[in-house]
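Reading the structure
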Amino acid sequence: MRASLLQIAVDEGESVESRRRRIASLVRDQAGAADLVVLPELWTTGAFAYEAFGREAEPLEGPTYEAMAKAASDAGVWLHAGSIPERDPEGPLYNTSLVFSPSGDLVAAYRKIHRFGFDKGEAVLMGAGEELVTVRLPGTTLGVATCYDLRFPELFRGLVDAGAETLVISAGWPERRRAHWTLLAQARAVENQAFVLACGTAGTHSGVPQAGHSIVVDPWGDVLAQADAEEQVLTVEFDPGKVTVTRDQFPALKDRMLGLAAPRR
């Protein structure tokens, strides 16, 4: 399988509509070069542009949905279209990822479960998702997660229990915590014996420099490819069958001890 991670720079001087057209063109450029294309988190607004969330929020089947569905169909690729600020007419805003088939059909939408910001920013501006999401592709099953989710290993255990073999993380990760980004991506790969495809953004969002360094990690924790800090397309070929081989050769997941009781006090 060939995957292309589009590490997009979010320039505040570029309109959302212009960026949408530009990214759709980049997706189309992957025709014949990739089977799966992955975009970063909140690339329409910037992950730290809190003031833009409400202004640029759109319904699930809004302009980004339409542009990305057509781009996926034109390129004939599976497309994880990153995430958008979703406006639910009957609820709060959500940080929602969209996944399209090569025919342009929406096959999954994932509302980010762990919102970043503690008592400000995304944590108070957006609602929390409640459902894990997996997507079956020819040859592998994707487990979908977003940015801050990467810090919560129990979410990924849930995805593995649901059949995930390739963990796809869309992010807007800050430069000041870049070491954590690489460390956690490798940890999630090793502990779940799965591929990790983690796509971040470049540039600066509302004064917050982005880490970039999108990364692909195999089930042994080996880094197959990693970007630098600038906007770029990171393309890698990997064998999804390595997940089964790794889990058979080193069956650590079978030794999980579930339902442990809390210590007595």
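As the structure is a computational prediction, the values presented were derived from the model and not from experiment. (Residues numbered from 1 in each chain as written. Predicted model: local features only at pLDDT ≥ 70, side-chain atom pairs only at ≥ 80, totals over all residues. Heavy atoms only, no water.)

1. Here's the deal with the pattern of salt bridges
Evaluation of the coordinates by the stated rule reveals 19 salt bridges. For Arg111, the salt bridge goes to Glu86, with nearest N and O atoms at 2.9 Å. Taken together, the positions of Arg111 in strand β6 (residues 106-111) and Glu86 in strand β4 (residues 78-87) put the pair 25 residues apart, joining distant regions of the chain. The class of Arg111 is partly exposed, set by a relative accessible area of 27%. Here Glu122 makes a salt bridge to Lys112, at a shortest N to O gap of 3.0 Å. (Salt bridge = Lys/Arg side-chain N within 4 Å of Asp/Glu carboxyl O. Helix = DSSP H or I, 4+ residues; strand = E, 2+ residues; numbered from the N terminus. Buried < 20%, exposed > 50% of the residue type's maximum accessible area, 1.4 Å probe, protein only.)

2. So, the packing of helix α1 (residues 16-28) against helix α3 (residues 63-75)
Think of two packed helices as two axes; the pair is described by the angle between the axes and how far apart they sit. Running from amino to carboxyl end, α1 crosses α3 at an angle of 20°, the nearest separation of the two axes being 8 Å. Compared by their axis directions, α1 and α3 come out roughly parallel. As α1 runs across α3, the sense of the crossing is right-handed. Residues Arg20, Ile23, Ala24, Val27 and Arg28 of α1 pack against Pro63, Thr64, Ala67, Met68, Lys70, Ala71, Ala72, Asp74 and Ala75 of α3. Residue composition of the contact of α1 with α3, by class: nine nonpolar, one polar and four charged. (Axes fitted to C-alpha atoms, helices over the stretch in contact; angles between N-to-C directions. Parallel < 35°, antiparallel > 145°, perpendicular 65-115°, else oblique. Left-handed = near helix turned anticlockwise from the far one by under 90°. Contact = heavy atoms within 4.5 Å. Nonpolar A, V, L, I, M, F, W, Y, C, P; charged D, E, K, R; others polar.)

3. Quick look at the packing of aromatic side chains
By convention here, two paired aromatic rings are described through the distance between centres and the angle between planes. By the definition in use, this model includes 11 aromatic pairs. When the ring of Phe118 is compared with that of Tyr148, the centres are 6.5 Å apart and the planes differ by 85°; the resulting orientation is edge-to-face. Of this pair, Phe118 sits in the loop between β6 and α4 (122-125) while Tyr148 sits in the loop between β8 (140-146) and α5 (153-161), and the two are 30 residues apart along the sequence. Exposure remark for Phe118: the relative accessible area of 66% places this residue in the exposed category. With a relative accessible area of 15%, Tyr148 lands in the buried category. Where Tyr148 meets Phe152, the ring centres are 5.1 Å apart and the plane angle is 85°; that geometry is what we call edge-to-face. Of the aromatic side chains, those joined through ring pairs into one cluster are Phe48, Tyr50, Phe53, Phe116, Phe118, Tyr148 and Phe152. Directly above the aromatic system of Tyr94 lies the positively charged group of Arg111, at a separation of 3.8 Å from the ring centroid. (Phe/Tyr/Trp six-rings, centres within 6.5 Å; stacked < 30°, edge-to-face > 60°. Lys NZ or Arg CZ within 6 Å of the ring centre and 35° of its normal.)

4. Side note on the sheet that holds strand β2 (residues 9-10)
Pairing is mixed in the open sheet, where three strands are placed in the order β2-β11-β12. Edge positions in the open sheet fall to β2 and β12 (208-209), since each of these has one partner strand only. Both β2 and strand β11 (residues 202-205) contribute to a ladder of two bridges, which runs parallel. Its bridge partner lying in β11, Ala9 is registered against Ala202. (Pairing = 2+ DSSP bridges.)

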